[in-house]
Amino acid sequence: MNTRGNPARGAASAAAPAIAEVTRDRDGAMVVRLAGAWRLGGTLPAVEPVAEQLRGTRPRALRFDASGLAAWDTGLLAFLDRLEAASAEREIPVERGALPEGVVRLLDLAHAVPSRTGLDGARKRAGLFARTGERTLELVAGGREILAFVGQLTLALGRLATGRARFRAVDLAVFLQDTGAAALPIVTLISFLVGVILAFVGAVQLKQFGAQIYVADLVGLAMVRQMGALMAAIIMAGRTGAAFAAQLGAMKVNEEIDALTTMGIPPLDFLVLPRFLALVLMMPLLCIYADVLGILGGFVVGTSILGISFSQFWNQTVNAIGLMDCLPGLIMSVFFGALVATFGCLRGMQCAGSSSAVGDAATSAVVSGIVSIIVADAIFTVLFDILGI
């Protein structure tokens, strides 16, 4: 933007250095006189001295005098933007009437774009104690939400026991199919391979003592007491828990859950109860199935590599496994199913109102489910040892 008139005079004005002089009007307003060429290639005045005068004297208003302005580019815009930000801090009104029309339009456009507060917050990280406190408060709030959801689910189970729960039997049948028969292929593969791995690991050590026959004991006891229930639960956390969270999260985004509430239908009864019951009922059956497939994997390794006959492996397994050995795995499978269903439904109900939040809810459901399963498994192991089970 160059000065009109005499070309020589315009060129001289455009080459003049940028100037920002501060004066006062009679009404107490601060006037910033802008003159010369405000281009990034030249030397531009610093904004800090002018901003300090704004903060120190607190004028009635901030005005500009651009009559001596010869040329400008984004260097002027950056100066004015920072000066207006300093004025906003002190709640000083800014009058742009004397600025060129193009400058005013570009400033309005820049202010229309939301600031990237997330990036600014990342640059200005809080201290260690502040971050620890914030994280602690988040954990406490999350714990309260979990307890509140478990309480509401308990009340829903109470309504179910008294015949007052409202959900469709066909929904329960669909979820029984989804959490039971539809999950058999992946449970089959994982459980069989876990049995094979346990047999290989045990064979390496037992071969040193000529006790390969005890591979049957190792695989059988490991599967029925721990690995069958644990692996089935982890599989269901990744498969079914994520599916529950995604389904309910999508319904939350589409406001279907709000519609149920508006119609007087408790969402916890109609949506959560069928999923919870289906997974709790199916988990013990999946646990037994995983136990059988794991023992079958050990049988394949024992008979094909270790030279153990079918009758030897069968007799050794039957003698090693008693009814009380099967009880811990079955008890844990029920609790694992409840944990997976609870966290899957909870994360879905907590989903925010965007499509990306559905993926976050599914991820959170898997992580929460697996962590809770591992913690519960450790607690049950210690408890069963104390009780002598």
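A brief report on the enclosed structure follows. Values in this document were obtained by computation on a predicted structure and should not be read as measured data.

Our focus in this paragraph is the nonpolar core. Membership of the largest hydrophobic core comes to 47 residues, with the highest contact counts inside it found for Phe-149, Leu-271, Leu-279, Met-283, Phe-336 and Ile-373. Elements supplying a minimum of two residues to this core: helix 6 (128–161), helix 7 (169–179), helix 9 (215–253), helix 10 (256–262), helix 11 (267–304), helix 13 (323–349) and helix 14 (355–387). If one sorts the elements of this core by residue count, helix 11 sits on top with 14 residues. In contact with Leu-271, not counting residues within four places along its chain, are Leu-248, Met-251, Ile-257 and Leu-260. By size, the runner-up hydrophobic cluster in this structure holds 24 residues, among which are Leu-62, Trp-72, Phe-79 and Ala-86.

Contact geometry for helix 6 and helix 11: axes closest at 10 Å, N-to-C directions at 85°. What the angle tells us is that helix 6 and helix 11 run roughly perpendicular. Residues Phe-149, Gln-152, Leu-153, Ala-156, Leu-157, Arg-159 and Leu-160 of helix 6 touch helix 11, and the partners they reach there are Leu-268, Asp-269, Val-272, Leu-273, Phe-276 and Leu-277.

To continue, consider the packing of helix 9 against helix 14. The geometry of helix 9 relative to helix 14 is characterised by a closest axis approach of 8 Å and an angle of 150° between their N-to-C directions. When the interaxial angle is binned, helix 9 and helix 14 end up roughly antiparallel. At the point where helix 9 passes helix 14, the crossing takes the right-handed sense. Grouping the amino acids of the contact of helix 9 with helix 14 by side-chain chemistry returns 17 nonpolar, 6 polar and 1 charged.

This next bit is on the environment of Met-231. Mapped onto the secondary structure, Met-231 falls in helix 9. For Met-231, a relative accessible area of 19% translates into the label buried. Between the alpha carbons of Met-231 and Val-194 there is a distance of 8.5 Å; along the sequence they are 37 residues apart.

Going through the model one piece at a time under the given rule, you end up with 6 aromatic pairs. Look at Phe-380 and Phe-384: their rings are 5.6 Å apart centre to centre, the planes differ by 25°, and that puts the pair in the stacked class. One end of the pair, Phe-380, and the other, Phe-384, are both in helix 14, 4 residues apart, so they sit about a helical turn from each other. Taking the relative accessible area as the measure of exposure, Phe-384 reaches 6% and is therefore buried. Members of the aromatic cluster, connected to one another through ring pairs, are Phe-299, Phe-310 and Phe-313.

Rules of the game
Residues numbered from 1 in each chain as written. Predicted model: local features only at pLDDT ≥ 70, side-chain atom pairs only at ≥ 80, totals over all residues. Heavy atoms only, no water. Core = buried A, V, L, I, M, F, W, Y, C linked by side-chain atoms within 4.5 Å. Buried < 20%, exposed > 50% of the residue type's maximum accessible area, 1.4 Å probe, protein only. Helix = DSSP H or I, 4+ residues; strand = E, 2+ residues; numbered from the N terminus. Contact = heavy atoms within 4.5 Å. Axes fitted to C-alpha atoms, helices over the stretch in contact; angles between N-to-C directions. Parallel < 35°, antiparallel > 145°, perpendicular 65-115°, else oblique. Left-handed = near helix turned anticlockwise from the far one by under 90°. Nonpolar A, V, L, I, M, F, W, Y, C, P; charged D, E, K, R; others polar. Phe/Tyr/Trp six-rings, centres within 6.5 Å; stacked < 30°, edge-to-face > 60°.

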